[in-house]
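Topology and contacts: notes
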Amino acid sequence: MMSTTQPIDPLYNPKLRPIIDEIIEESIDLDGGLMVVLNNLQSRIGYLSAPMQEYVAESLSIPVSKVHGVVSFYSFFTTIPRGKHVIKFCIGTACYVGGINQLIDKARQVIGVEPGQTTSDGMITLEICRCVGACSQAPVVVVDEVNIGRVKPSRLEKIVQNVLKEEAAA
Ligand code: FES
């Protein structure tokens with residue numbers, strides 16, 4: 001329905017570039033500086049684009065493959081911007097047994113994107129995640145960091161509607 005707008009890469013955005021440089025400078029000499037830099041960039045910029053990863057590698061004098069390796073290993077990192085709201089599906093054992101796959105299927109139908117993707121209006125990202133420690137409530141869906149337990153597929157549409165309603169009211 002809506003076209004995907006391609007925002008300018010943060011590295012070339014005059015407002016974001018100083019933040020990126022500051023984050024790198026703060027941690028360049030630390031042990032484990034790469035992880036700190038990537039964490040801070042993810043938190044403050046929202047994602048780690050390919051140019052940002054190359055820039056980090058160059059600044060820390062490490063191979064870009066090492067940066068790619070860390071970014072792809074941890075699901076916390078994303079290489080494209082997340083949507084304004086993130087709905088995660090726990091695929092830990094209890095939630096798997098509890099039927100998380102039916103919920104993921106339902107989300108695909110209701111929202112029209114796959115886990116790992118964002119709606120074209122940038123509103124909702126679907127993700128899968130590991131056990132969030134609420135196994136007794138399985139299956140668990142995490143909406144913007146809030147756990148919702150014992151979710152039935154029939155309730156999922158309502159959950160999505162609530163996210164969009166809050167958005168409309170904001
Ligand atoms: S397996 Fe989903 S909360 Fe533990």
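Right above here is the structure, for reference.
To keep things clear, this report deals only with the structure shown in the data block. (Residues numbered from 1 in each chain as written. Predicted model: local features only at pLDDT ≥ 70, side-chain atom pairs only at ≥ 80, totals over all residues. Heavy atoms only, no water.)

1. A closer look at the layout of surface pockets
For the second largest pocket, the calculated volume is near 310 Å³. Residue lining of the second largest pocket: 17 residues in total, with S75, G116, E127, I128 and C129 positioned closest to the centre. Take the lining of the second largest pocket: its biggest share by element is 5 residues, from strand β2 (residues 124-129). Across the lining of the second largest pocket, the residue classes tally to 9 nonpolar, 5 polar and 3 charged. (1 Å grid on protein atoms, 1.4 Å probe; cavity = no way out; pocket = protein on both sides within 12 Å on 5 of 7 lines; lining within 4 Å. Points joined across faces, edges and corners; volume = space filled by probe spheres on them. Helix = DSSP H or I, 4+ residues; strand = E, 2+ residues; numbered from the N terminus. Nonpolar A, V, L, I, M, F, W, Y, C, P; charged D, E, K, R; others polar.)

2. Overview of the nonpolar core
Core analysis: the largest hydrophobic core is formed by 26 residues, its most contacted members being I87, F89, I111, I124, L126 and V141. Mapped by element, the contributors of at least two residues to this core are β1 (85-90), α6 (100-111), β2, β3 (141-143) and α7 (153-169). Per-element accounting of this core gives the leading share, 5 residues, to α6. Excluding residues within four positions of it along the chain, L126 makes contact with I87, F89, A107, I111, V113, E114, P115, G116 and Q117. Of all hydrophobic cores here, the second largest spans 19 residues; its members include V37, L38, Y55 and V56. (Core = buried A, V, L, I, M, F, W, Y, C linked by side-chain atoms within 4.5 Å. Buried < 20%, exposed > 50% of the residue type's maximum accessible area, 1.4 Å probe, protein only. Contact = heavy atoms within 4.5 Å.)

These values are about where atoms sit, not about what they do.
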